[in-house]
Amino acid sequence: MRIAVNDVTPETKRATIIGWVHEIRDLGGLAFLLIRDRTGIIQVTIPKKKISAEVLSVFKEISRESVVRIEGEVKEIEKAPGGRELIPSSIEIISKSESPLPLDVVEKVSAELDTRFDNRFLDVRRPRVSSVFKIRSCILHTVEDSLYKKGFTQITTSKIVGSATEGGTELFPIAYFEKEAFLNQSPQLYKQMMMAAGLEKVLEIGPIFRAEEHNTTKHLNEATSIDVEVSFADHFEVMKLLEDLIVEIYEEVAVSCTAELASLEINNLKIPVAPFPRLTYEEAIGIASGKLAEGANYGDDISTSAERAIGEEIGCHYFIVDWPTSIRPYYAMPYEDRPSVCKAFDLMHPRMELSSGAERVHDYDQLVHQIKEKGLNPDSFSYYLSAFRYGMPPHAGWGLGTERLVATMLGLQNVREAVLFPRDRHRLVP
Ligand code: AMO
């Protein structure tokens with residue numbers, strides 16, 4: 001019976017392990033194999049003179065990263081990882097790896113991102129990389145768990161749609177029989193329709209597709225969005241929900257992912273402190289224009305350089321609130337007493353935007369008006385608009401980018417590192 005590498009202790013008398021050959025060290029009379037599985041690494045020691053000729057001949061055939069089964073006696077030894085070693089009585093090569101490897105799985109050698117993504121299955125064998133995905137899994141689990149306990153219903157909406165949600169330019173058209181169709185940019189319209197359906201609190205974790213032309217370290221063409229919508233809530237309530245969730249996620253990762261954080265050399269994960277500072281858009285632009293040579297103008301989107309300049313100044317997670325209505329989507333609710341500003345917000349990490357959200361327009365006539373104001377045709381939104389005609393509660397929500405959350409938490413330079421199989425302008429495989 002196979003046992004996991006980490007379950008082999010000095011007290012285990014005999015063990016059969018199956019794993020990948022992490023390293024081979026042949027010192028002449030003595031050889032070592034390091035065998036790795038999901039749980040860790042164990043040293044297999046081969047004193048050549050004391051081992052059977054059969055074991056020795058299999059040993060000679062072994063290549064790095066092959067999958068092997070090894071049975072043997074466990075001995076306590078201080079110098080080896082975990083204070084134990086395995087002396088093999090039999091070795092079997094289950095699946096031999098070709099050599100040379102296209103990517104070095106042993107940590108020390110760093111590879112170009114392209115080589116890593118081309119050989120992602122090998123890349124993820126590196127504990128440092130698999131840790132990113134274990135932490136990502138912990139984050140998504142925490143989101144589901146936390147919101148489920150708060151009464152949210154997790155929904156899954158279609159990714160094949162007939163119209164844009166976030167504006168037309170970033171749409172991927174697809175062939176859908178004889179109709180024009182697109183990959184959905186966001187579940188925005190569907191999560192709002194679920195407010196009309198009476199679910200009151202919904203969560204969706206799913207792919208969003210953006211035809212971003214630019215090759216940046218924070219944009220993907222396919223990202224995973226954590227989307228939330230809440231009835232009878234204003235933007236302040238969902239901002240509180242968001243900041244509390246961010247803190248809870250960090251706390252959970254700090255407690256549950258200690259080994260993964262250690263393998264990423266994060267010794268002390270800094271937990272953000274809620275409530276996060278809140279800047280108005282006007283204040284944010286003021287900071288950026290004071291710090292940037294090119295300045296920053298009221299009414300412009302906040303550029304990457306402005307984002308950085310403001311982030312440096314604030315130095316922690318923060319919100320930007322009170323955006324000009326002109327640069328937010330049609331579904332954001334303007335302030336009643338100053339309609340040129342709306343009840344929208346962005347959650348920012350000092351490095352980049354993590355989330356956007358708003359209180360929404362819930363009045364049918366106002367929504368039709370705002371759609372037209374943006375130069376869009378209400379007819380292409382009729383399925384969405386009809387949900388506003390038969391009793392739509394006031395509501396608010398946000399969308400949070402999973403990859404940006406992971407990348408900023410773990411200090412990854414490129415959001416692509418937080419995706420198993422990133423999609424960008426130049427990458428469609430694997
Ligand atoms: P927005 O377009 O700002 O808002 O997206 C919300 C969050 O999703 C992430 N994100 C991306 N991450 C990587 N690459 C991309 N190309 C990309 N695009 C978006 C970001 C961003 O903050 N419907 C609204 C949300 C709402 O109001 O509920 C929306 O989609 O982290």
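Throughout, residues of each chain are indexed from 1 in the direction in which the sequence is written. Residues qualify for local features only when their pLDDT is at least 70, as the model is predicted, and side-chain atom pairs are given and counted only at 80 or more; totals for whole chains, interfaces and linings, by contrast, use all residues. As a rule here, side-chain values cover all heavy atoms of the structure and leave hydrogens and water aside.

## A word on the overall build of the protein
Strands are runs of DSSP state E lasting at least 2 residues, helices are runs of H or I lasting at least 4, and numbering of each runs from the N terminus. Counting secondary structure elements, the protein contains 12 helices and 16 strands. Principal axes of the C-alpha set define a box for the protein whose edges measure 90 × 55 × 40 Å. Here the term buried applies to any residue with accessible area under 20% of the maximum for its type, exposed to any over 50%, and partly exposed to those in between, with areas from a 1.4 Å probe on protein chains only. Burial statistics for the protein: of 430 residues in total, 51% are counted as buried. By definition, residues are in contact when any of their heavy atoms lie within 4.5 Å. Taking as baseline every contact in the protein between residues at least 6 positions apart, the subset at least 24 positions apart corresponds to 65%. Computed with the Shrake-Rupley method and a 1.4 Å probe, the accessible areas treat only the protein chains shown as cover for residues. Surface summary for the protein: the accessible area is close to 20,900 Å², and the carbon and sulfur share equals 52%. Neither His nor the chain termini are counted; the positive set is Lys and Arg, and the negative set is Asp and Glu. By convention, the charge on Lys lies at NZ, on Arg at CZ, on Asp at CG and on Glu at CD. Averaged over its 50 positive side-chain charges, the protein has a centre that lies 7 Å from the centre of its 64 negative ones.

## What about the site of the ligand?
Contacts to the ligand come from 23 residues, most closely from Gln 188, Lys 191, Glu 353, Leu 354 and Arg 360. Polar contacts, as counted here, are pairs of nitrogen or oxygen atoms within 3.5 Å of one another; within protein the pair requires one atom able to donate a hydrogen and one able to accept it, and residues that are adjacent in sequence qualify only if both atoms are side-chain atoms. Within the side chain of Gln 188, an N or O atom sits 2.7 Å from a nitrogen atom of the ligand. Contacts to the ligand include Leu 220, whose backbone N or O atom sits 2.8 Å from a nitrogen atom. Isolated, the ligand exposes 620 Å² of accessible area, and the fraction of that covered by the protein chains is 93%. Residue assignment for the shell around the ligand shows that the elements contributing at least two residues are α5 (188–196), β15 (352–359) and β16 (395–401). Of the residues forming the shell around the ligand, the biggest block, five residues, is contributed by β15. Residue classes follow a fixed rule: Ala, Val, Leu, Ile, Met, Phe, Trp, Tyr, Cys and Pro count as nonpolar, while Asp, Glu, Lys and Arg count as charged, and any other residue, Gly among them, counts as polar. The residue inventory of the shell around the ligand, partitioned by class, reads six nonpolar, nine polar and eight charged. Any residue with a heavy atom positioned within 4 Å of a molecule or strand is treated as near that molecule or strand.

## Structural notes on unusual backbone geometry
A cis amide bond links Ala 274 to the next residue, Pro 275, at an omega of -5°. Within the fold, Pro 275 resides in the loop between α7 (258–263) and β12 (278–280). Residues Val 429 and Pro 430 are joined by a peptide bond in cis, for which omega reads -10°. Structurally, Pro 430 is set in the segment after α12 (402–410). At Glu 200, a position not held by glycine, the phi torsion is positive, near 70°. With respect to the element layout, Glu 200 can be found in the loop between α5 and β10 (201–209). For Glu 200, a relative accessible area of 41% corresponds to the partly exposed category.

## Focus on helix α6 (residues 235–256)
Here the expected length of a helix is defined as 1.5 Å per residue gap, with one fewer gap than residues. Spanning 22 residues, α6 covers 31 Å between terminal C-alpha atoms, matching the ideal 32 Å at 1.5 Å per step. What α6 keeps buried is the set His 235, Val 238, Met 239, Leu 241, Leu 242, Glu 243, Leu 245, Ile 246, Val 247, Ile 249, Tyr 250 and Val 253. For α6, the N-terminal cap is Asp 234; the gap from its side-chain oxygen to the backbone nitrogen of Phe 236 is 3.2 Å.

## So, the sheet that holds strand β7 (residues 160–161)
By the convention used here, strands pair only if DSSP detects at least 2 bridges between them. Strand order in the open sheet formed by three strands is β7-β9-β8, and the pairing between neighbours is antiparallel. Edge strands, defined here as strands with exactly one partner in the open sheet, are β7 and β8 (172–176). Relative to strand β9 (residues 179–183), β8 runs antiparallel, the two sharing five bridges. The partner of Pro 173 across the bridge, within β9, is Phe 182.

## A word on the pairing of β10
In regular strands, side chains alternate between the two faces of the sheet. By the bridge criterion, two bridges tie strand β6 (residues 153–154) to β10 in an arrangement that is parallel. Bridge pairing links Thr 153 to Val 202 in β10. Pairing geometry for β10 and strand β11 (residues 222–231), over nine bridges, is antiparallel. Within the sheet, the bridge partner assigned to Ile 205 lies in β11 and is Ile 226.

## Things to note about the packing of helix α4 (residues 127–149) against α12
Here the axes come from fitting lines to C-alpha atoms, over the contacting stretch only for helices, and the angles between their N-to-C directions go from 0 to 180 degrees. Running from N to C, α4 and α12 point in directions that differ by 120°, and their axes come no closer than 11 Å. For the element pair α4 / α12, the angle class is oblique. α4 and α12 meet at a crossing whose hand is right-handed. Residues Val 132, Ile 135, Arg 136, Ile 139 and Leu 140 of α4 lie in contact with α12, whose contacting residues are Thr 402, Glu 403, Leu 405, Val 406, Met 409 and Leu 410. Tallied by class, the residues present in the contact of α4 with α12 amount to eight nonpolar, one polar and two charged. Here the word oblique covers every angle except those under 35 degrees (roughly parallel), over 145 (roughly antiparallel) and from 65 to 115 (roughly perpendicular). For a crossing to be left-handed, the near helix must be turned anticlockwise from the far one by less than a right angle; the clockwise case is right-handed.

## So, the confidence of the model for the protein
Low-pLDDT portions of the prediction should not be read for the details of their coordinates. Here the protein averages 96 in pLDDT, while 99% of its residues score no lower than 70. For every residue, the predictor states its confidence as a pLDDT score lying anywhere from 0 to 100. Here β9 stands out as the least confident element of the protein, with mean pLDDT 93; β16 is the most confident, with 99.

## What to know about the pattern of salt bridges
Each reported salt bridge corresponds to a side-chain nitrogen of Lys or Arg within 4 Å of a carboxyl oxygen of Asp or Glu. By the definition in use, this model includes 32 salt bridges. Between Arg 427 and Asp 118 there is a salt bridge, and its shortest N-O distance comes to 3.0 Å. One end of the pair, Arg 427, is in the segment after α12; the other, Asp 118, is in helix α2 (residues 113–118), and 309 residues separate them in sequence. Under the relative-accessibility criterion, Asp 118 is labelled partly exposed at 47%. A salt bridge links Asp 123 to Arg 120, with the shortest nitrogen-to-oxygen separation between them at 2.6 Å. Within this pair, Asp 123 and its partner Arg 120 are both found in helix α3 (residues 120–123), separated by three residues, close to a single helical turn. As far as the burial class goes, Asp 123 and Arg 120 line up, both buried.

## Some details on the sheet that holds strand β1 (residues 14–26)
Read around the barrel, five strands follow the order β1-β2-β3-β5-β4 and close on themselves; strand pairing throughout is mixed. Put simply, the sheet's adjacent strands are angled 50° from each other on average, direction ignored. Of the strand pairs in this sheet, strand β4 (residues 67–76) and strand β5 (residues 84–95) are connected by 10 bridges, and their pairing is antiparallel. Along β5, the bridge assignment pairs Val 74 with Leu 86.

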